[in-house]
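# Results of the structural survey
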Amino acid sequence: MLAGCIERVREKGPMIHNITNYVTANDVANVLLACGCRPVMSDEPEDAAEMTALCSGLNINLGTLNKRTIEGMLAAGRKSRELGHILVLDPVGAGASRFRTETARMLLRELSFDAVRGNISEIKTLVLGNGTTKGVDADQADAVTEEDLDGRIGFVKEAAGEMDCILIVTGALDLVADRKRCYVIRNGRPEMGQVTGTGCQLSGLTAAFLAANPEEKLEAAAAAVCSMGLAGEIAYRNLRKEEGNASYRNRIIDAIYHMDAETLEKGARYELC
Amino acid sequence: MLAGCIERVREKGPMIHNITNYVTANDVANVLLACGCRPVMSDEPEDAAEMTALCSGLNINLGTLNKRTIEGMLAAGRKSRELGHILVLDPVGAGASRFRTETARMLLRELSFDAVRGNISEIKTLVLGNGTTKGVDADQADAVTEEDLDGRIGFVKEAAGEMDCILIVTGALDLVADRKRCYVIRNGRPEMGQVTGTGCQLSGLTAAFLAANPEEKLEAAAAAVCSMGLAGEIAYRNLRKEEGNASYRNRIIDAIYHMDAETLEKGARYELC
Amino acid sequence: MLAGCIERVREKGPMIHNITNYVTANDVANVLLACGCRPVMSDEPEDAAEMTALCSGLNINLGTLNKRTIEGMLAAGRKSRELGHILVLDPVGAGASRFRTETARMLLRELSFDAVRGNISEIKTLVLGNGTTKGVDADQADAVTEEDLDGRIGFVKEAAGEMDCILIVTGALDLVADRKRCYVIRNGRPEMGQVTGTGCQLSGLTAAFLAANPEEKLEAAAAAVCSMGLAGEIAYRNLRKEEGNASYRNRIIDAIYHMDAETLEKGARYELC
């Protein structure tokens, strides 16, 4: 099932518009190219809506957020909704500052997203108003662990229902949920947190997977998360002993480049709860 | 002849000012360093003209275009003309949105460029007003192929004459033309399109090659295009089986780093029409 | 002694806020992650002070300087001072343009920095008003060499006294000085200058090392400089013959990833003058 999702990504090669931060924009572009998609980046309010119209998905990311690009996000987001495109939010740093929290909330009010991807603290901030995001990382106290898994699954399903979108909460365990179903995903490596932008890349991939699989968005989101995590595992095995996080960064994108339906089917570790 | 061009790039090591997008700025800087040049990046209107004055070439790229940096492009571009420096335009996305098309046209009106590098759809947009650029990629219907080669060579020469500059149209085949002569270049690999920014890098290299070879700009532009394409071929041969587009990105710049006159002379595949 | 400094960086893993350029932001983030720290990037005036408050160090870098982010630098810098955090300045291009020189001077007037890192021309510009920075590189005429070493050590100590901060002057030889003492450091490779952003990375590391070692800032700064230079040496040894500056970029960060107290202790080459 997940296999079919990645096959359709490669068949259709959707064009994805990213309004994203300047720290990891290059990686987001290359990971989209790695799975056969075509990335476009434009954040100027006068340009963003028109560029979005050429694409089939829009990925909005709040890293290095500034006032000018918020206008671009709104303009492109509205055009994207009007055209029935896929719309994904990555609320980087929501819960860490008032500006980021309020911008994320405003975007959620003004636009209805197909999917929101963040760490648990960012998501708690948006749903409960009490996340305590540490810069751009989750608060350790919030971490999803095996012990409190049932409670967290319940929370994420409920939150997805309230926000009326797919919620993707990434961490040691990844949860991908809508109102009724939740994928618990155990792919990935802790070392992925030592590479800047693996979360941003996943948000870009999520937009691509949903755009290529609009009939089964939850499965598509789970396939994106499994693909990224599995790429992290494969890349880790490919690391030579002298290599560190900079080489790991490249090898993760390389692993997405080689990811096919069979590899994903065999390597994906998930359960549907 | 091309060999002499790259030798002079390494001998002179020109300083090149780039007003370029935040997706691929790092790659543009590193590819310029790879061939012995010194990159400078500055897009603030108050700063750009003064920084340009220290350089011998200016590379203007419309990726992630925004209103603030357009002022920087104009200020630096005018200073560059005043000082007789090399001036190159990469009209990323012209034909995809009104904002990009109009900005590219305005820059062409206000500044006279030594060279313009783009895909065929971008160039058709600027010359004929009817390009149908797909985001930042050429429309397949526009692609330069062996069948319509003579017609395309004629079109590009004529366009170069009208625009009074060197036109570099990159794709499966690359055309480098002025009013009278056209290099048809067959270096490169299709996989280069799976790395974000290879076009941006080539535009930076073009500025460097022209700045180091002001007496023979057409040859210098052809040498830049052959160097980039040949680097793509060498890098592809150096790829290990588990490597993908992220490693390819690095290996292309590495191949420019090692590119010398002899390698270029032997590997360049072109004809002058 | 330097060994203890890097151990504390890894133990404490300080969060470092970077207001930096879009050319090398990804590298700065990854090099901070490589030594166990957590990078945050935010340059929006409304957001920067609040993000800084979560961190223990702030690294201000003038590459791709623009008017909007200057406000962010001031807001974050003042908050950083108020909270007693570590504050580092990298005056990229001071001496190359009026805008950069004046902005660097204004920041030095408005904020008191713990450390300033630059090339010799940038530092001469700030202290003497007569540096002749070539774009973002030092003027060769200014270079620190073995011949004029005593004079330069005297100049840098005096300048550190006047500016009341630690001065880090990098080049063929690196000098790390306060009013009374100066480390002369002989780590590093000339090829590091062929990778964009190694200076920016060092400024980020400096903020991290000082934040983790607030009781011995001069030693911490020297440890950061030795670590970066030694990483350049190790990375150079790890390069394969077909690799160039793009691979070198990755291998330098990889070497920081593996840098431990023992490696640093054995490899650091410095004298205290």
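Whatever comes next refers back to the structure up there.
Residues numbered from 1 in each chain as written. Chains lettered and ligands numbered in written order. Predicted model: local features only at pLDDT ≥ 70, side-chain atom pairs only at ≥ 80, totals over all residues. Heavy atoms only, no water.

Next up on the list: the pattern of salt bridges. Counted by the stated rule, this structure contains 77 salt bridges over all chains. A salt bridge links Asp90 of chain B to Arg117 of chain B; the nearest nitrogen and oxygen atoms lie 3.0 Å apart. Here Asp90 of chain B, found in strand β4 (residues 86–90), pairs with Arg117 of chain B, found in strand β5 (residues 115–119); they are 27 residues apart in sequence, far enough to count as distant. The burial state of Asp90 of chain B is the same as that of Arg117 of chain B; both residues are buried. Here the residues in one salt-bridge network are Arg240, Glu242, Glu243 and Arg251 of chain A, Arg240, Glu242, Glu243 and Arg251 of chain B together with Arg240, Glu242, Glu243 and Arg251 of chain C, joined through shared partners. (Salt bridge = Lys/Arg side-chain N within 4 Å of Asp/Glu carboxyl O. Helix = DSSP H or I, 4+ residues; strand = E, 2+ residues; numbered from the N terminus. Buried < 20%, exposed > 50% of the residue type's maximum accessible area, 1.4 Å probe, protein only.)

In this complex, chain A contributes 31 residues to the contact, which on the side of chain B involves 33 residues. On inspection of chain A and its partner chain B, the count reaches five salt bridges. Between Arg251 of chain A and Glu242 of chain B there is a salt bridge; the shortest N-O distance is 3.7 Å. The interface formed by chain A and chain B includes 19 residue pairs in polar contact (both at pLDDT 80 or more). Among the secondary structure elements, those contributing two or more residues to the side of chain A that touches chain B are α2 (25–34), β2 (38–41), α3 (45–53) and α10 (245–258) of chain A. Considering each element in turn, the side of chain A that touches chain B owes the most residues, seven residues, to α10 of chain A. Residue composition of the side of chain A that touches chain B, grouped by class: 13 nonpolar, seven polar and eleven charged. (Contact = heavy atoms within 4.5 Å. Polar contact = N/O pair within 3.5 Å; in protein donor to acceptor, adjacent residues only side chain to side chain. Nonpolar A, V, L, I, M, F, W, Y, C, P; charged D, E, K, R; others polar.)

Below, the discussion takes up the state of the cysteines. All names here are of chain A. Applying the stated rule across the entire model yields zero disulfides over all chains. In this structure Cys200 is not part of a disulfide, and its nearest cysteine sulfur, from Cys35, lies 16 Å away. Classification of Cys200 by relative accessible area gives buried; the value is 11%. The thiol of Cys273 is unpaired, and the distance to the nearest cysteine sulfur, on Cys182, comes to 6.2 Å. (Disulfide = S-S within 2.5 Å.)

For the rest of this paragraph, the subject is the pairing of strand β4 (residues 86–90) of chain C. All names here are of chain C. Burial analysis of β4 places five of its five residues in the buried class, which makes it a mostly covered element. Judged by which residues are buried, β4 turns out to be covered on both faces: Ile86, Val88 and Asp90 on one side and Leu87 and Leu89 on the other are all buried. Here five bridges tie strand β3 (residues 57–61) to β4, and the two strands are oriented parallel to one another. Bridging from a neighbouring strand, Ile60 pairs with Leu89 of β4. Since β3 and β4 lie parallel, the crossover through helix α4 (residues 67–82) that links them has a hand, and here it is right-handed. Sheet topology note: the β4/strand β5 (residues 115–119) ladder contains two bridges and is parallel. Residue pairing across strands places Leu89 opposite Val116, the latter belonging to β5. (Pairing = 2+ DSSP bridges. Right-handed = clockwise from strand over helix to strand, strands pointing away.)

What links the strands of a sheet is backbone hydrogen bonding, and the strands pair in either a parallel or an antiparallel sense. All names here are of chain C. Pairing within the open sheet is mixed, and its nine strands lie in the order β2-β1-β3-β4-β5-β6-β7-β8-β9. Unpaired on one side and paired on the other, β2 (38–41) and β9 (270–272) mark the two borders of the sheet. Here the strands of the sheet are splayed against their neighbours by 15° on average, with no regard to which way each runs. Along the sheet face, helix α2 (residues 25–34) touches β1 (15–19), β2 and β3 and points at about 155° away from the line of β2. (Axes fitted to C-alpha atoms, helices over the stretch in contact; angles between N-to-C directions.)

Turning to the relation of the copies chain A and chain B, a few remarks are in order. For these two chain copies, the linking operation is a rotation about an axis paired with a shift along it. Laying chain A over chain B is done by rotating through 120° and shifting 0.0 Å along the axis; what remains is an RMSD of 0.0 Å. Here the two chains are linked by the operation of a three-fold rotation axis. Identified as the residue of chain A closest to the rotation axis by C-alpha distance is Tyr22 of chain A, at 3.3 Å. Here only 13% of the contact residues of chain A are again contact residues in chain B; the copies associate through non-equivalent surfaces. (Least-squares fit on C-alpha atoms with pLDDT ≥ 70 in both.)

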